[in-house]
Amino acid sequence: MSAGLALVLLAIGAYLAAHVAFDWIGRRLLIVSGAEYVLLGILLGPQVAGVLSSDMLESFAPITALALGWMGAIIGSRFMLTSMVRVPGVTWRIAFAESILTLCIVCGLELVLIRWLFGLSTTRALGPSLALGAFACASAVHGIEFAVRRYGGRGPVAAQLRATAGTNLFVAVVTFGILLAASHPADRFTSRPLTPTEWTVITVAIGVVGGALFHLLLGNEDRVDRLFISLAGMLTLVSGAATYLRLSPVMASMFFGAMLANTSKQHAEIRSALKRVERPLYFALLIFAGATWRPSAQSAWLLPVLVFLVARGVAKVGGARLVTRANDMLPVLGPDWGRALLGQGGIVMALAVSYLYQDTLALPNVVFTAAVVSVVLTDLLSGRLAASVLVPAKASALAEVR
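Note that the structure is a prediction, hence the values are computed from the model and not measured.

Analysis parameters
- Residues numbered from 1 in each chain as written.
- Predicted model: local features only at pLDDT ≥ 70, side-chain atom pairs only at ≥ 80, totals over all residues.
- Heavy atoms only, no water.
- Helix = DSSP H or I, 4+ residues; strand = E, 2+ residues; numbered from the N terminus.
- Buried < 20%, exposed > 50% of the residue type's maximum accessible area, 1.4 Å probe, protein only.
- Contact = heavy atoms within 4.5 Å.
- Areas by Shrake-Rupley, 256 points an atom, 1.4 Å probe, with all protein chains shown as cover.
- Salt bridge = Lys/Arg side-chain N within 4 Å of Asp/Glu carboxyl O.
- Expected span 1.5 Å × (residues − 1).
- Patch = residues over 30% accessible without salt bridge, like charges linked within 9 Å, V, L, I, M, F, W, Y side chains within 5 Å.
- Phe/Tyr/Trp six-rings, centres within 6.5 Å; stacked < 30°, edge-to-face > 60°.
- Core = buried A, V, L, I, M, F, W, Y, C linked by side-chain atoms within 4.5 Å.

Asks: Residue-level account of the overall build of the protein chain, with values.
Replies: Regarding its fold elements, the protein chain presents 19 helices and zero strands. Across the 402 residues of the protein chain, 51% fall into the buried class. Across the protein chain, contacts joining residues at least 24 apart in sequence account for 84% of those joining residues at least 6 apart. When the accessible surface of the protein chain is summed, it comes to about 17600 Å², and 66% of that surface belongs to carbon and sulfur atoms.

Quick look at the structure:
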């Protein structure tokens, strides 16, 4: 099969899945489709059927860069300051505390395990450990959104879930971006090696400059079709520049999306244009990620994956309960609201694909396998996990009114 034909079939399949299957399944069954596309990619990839060969996957690199940038921009577009300032401070305290606690618990446990299991130095083991901590922090937004639309989204539990899911994504993307900046190889074209702080600033600057160029070229354009084409071109530029510099395209694009959401008068039209192809690109990325996966050469890969899954589950549920108790919000939110954060979505696969491109970081296949297994196990259940928290909260609120 030629690369062009494979790309066309992939685009058609992703479009139909997004606009037909995903919405229907999500509304009727509260099942967030996604994990099966990872499995489909594995079956089509060079490890099984070989329909998508290694050379063909490399030819899809521009589409992958666009998908990574698009997902980052969608995350950034959610961070509208005018809406965020209306959220109570205690909600943000709980959200950030839960995110940081999950990051630290998973990263710390994986650091100890990887050092012992693979005989790596602390510096060498910190890269995969921090990446897994960032992956563990991220939560699926779409499962929560489906459950909120179905069971109501005005109560304190729904508001906390929305704020925490967004904060989880922000912390995960920024942590991963700093990791890539810190592990950046020495550049022979500069008079001195740039520091991790400088590379991080460059990552943010790529997104900010991209947003400024978008304003300069588009002005007050409000037609969604033109905005869509312009966004595709600018995100290809932003994510391509970050990828070329071996930085995080997701982080650069996140700041690009946040800048447009907070500085453009057409922010509603921009968000609409971004959402037009969010699901097709997401499914295409999942298929690509599955096809890219290959078994780890390390014989002991299973233990870090199991520790990741168990530690993340304990940190999400237990950490949420701990920080809620510390902020005296347990009577309002309940003890188990962190269960709704267990689902993992496409952003984890986007970060995992970015990790595969970095030849300076250790254990790429182990890290990527942990991401794939986590998405496969939790993505389908993310909507039901959120519903299991929202339904009792709504019933309790109705009982108090009566």
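After presenting the structure, the write-up continues.
Asks: Outline the pattern of salt bridges, supporting the account with residue identities and numerical values.
Replies: According to the stated counting rule, one finds three salt bridges in the structure shown. Lys-316 is the partner of Glu-98 in a salt bridge, and the nearest nitrogen-oxygen pair spans 3.2 Å. Within this pair, whereas Glu-98 is found in helix H6 (residues 89-118), its partner Lys-316 is found in helix H15 (residues 302-326), the two being separated by 218 residues in sequence. The same class applies to Glu-98 and to Lys-316, which are both buried.

Asks: Explain unusual backbone geometry residue by residue, including any values.
Replies: In this structure, Asp-328 takes a positive phi of about 55° despite not being glycine. When you line up the elements, Asp-328 lands in the loop between H15 and helix H16 (330-333). A relative accessible area of 66% means that Asp-328 is categorised as exposed.

Asks: Account for H15, with residues named and values stated.
Replies: Spanning 25 residues, H15 covers 35 Å between terminal C-alpha atoms, matching the ideal 36 Å at 1.5 Å per step. When H15 is considered as a whole, its buried residues turn out to be Pro-304, Val-305, Phe-308, Ala-311, Arg-312, Ala-315, Lys-316, Gly-319, Ala-320, Val-323 and Thr-324. Residues of H15 that are buried sit in contact with H6, helix H7 (122-137), helix H9 (156-182), H16 and helix H18 (364-378). Directly after H15, the chain includes Asp-328, whose backbone phi takes a positive value near 55°.

Asks: Let's hear about a nonpolar patch on the surface: which residues, and what values?
Replies: Taken together, the side chains of Val-209, Leu-213, Leu-216, Leu-217 and Leu-237 make up a nonpolar region of the molecular surface, amounting to roughly 500 Å² of accessible area. When residues of the nonpolar patch are assigned to their parent elements, the largest contribution, four residues, is made by helix H10 (residues 196-218). Among the structural elements, Leu-216 can be located in helix H10.

Asks: Mind laying out the packing of aromatic side chains, listing which residues take part and the relevant values?
Replies: Under the counting rule described, the total for this entry stands at five aromatic pairs. An aromatic cluster is built from Phe-135, Phe-176 and Tyr-355, whose rings are joined through pairwise contacts.

Asks: For the nonpolar core, give the residues involved together with the corresponding values.
Replies: Side chains of nonpolar character tend, in soluble globular proteins, to be buried together. Trp-70, Phe-135, Phe-176, Leu-231, Phe-256 and Ile-347 are the most contacted members of the largest nonpolar core, which has 103 residues in total. When residues of this core are assigned to their parent elements, the largest contribution, 13 residues, is made by H9. When residues no more than four places from it in sequence are discounted, the contact partners of Phe-256 are Ala-73, Gly-207, Gly-210, Gly-211, Phe-214, Leu-231, Met-234, Leu-235 and Val-238. With seven residues, the next largest nonpolar core counts Leu-111, Phe-118, Ala-125 and Val-366 among its residues.

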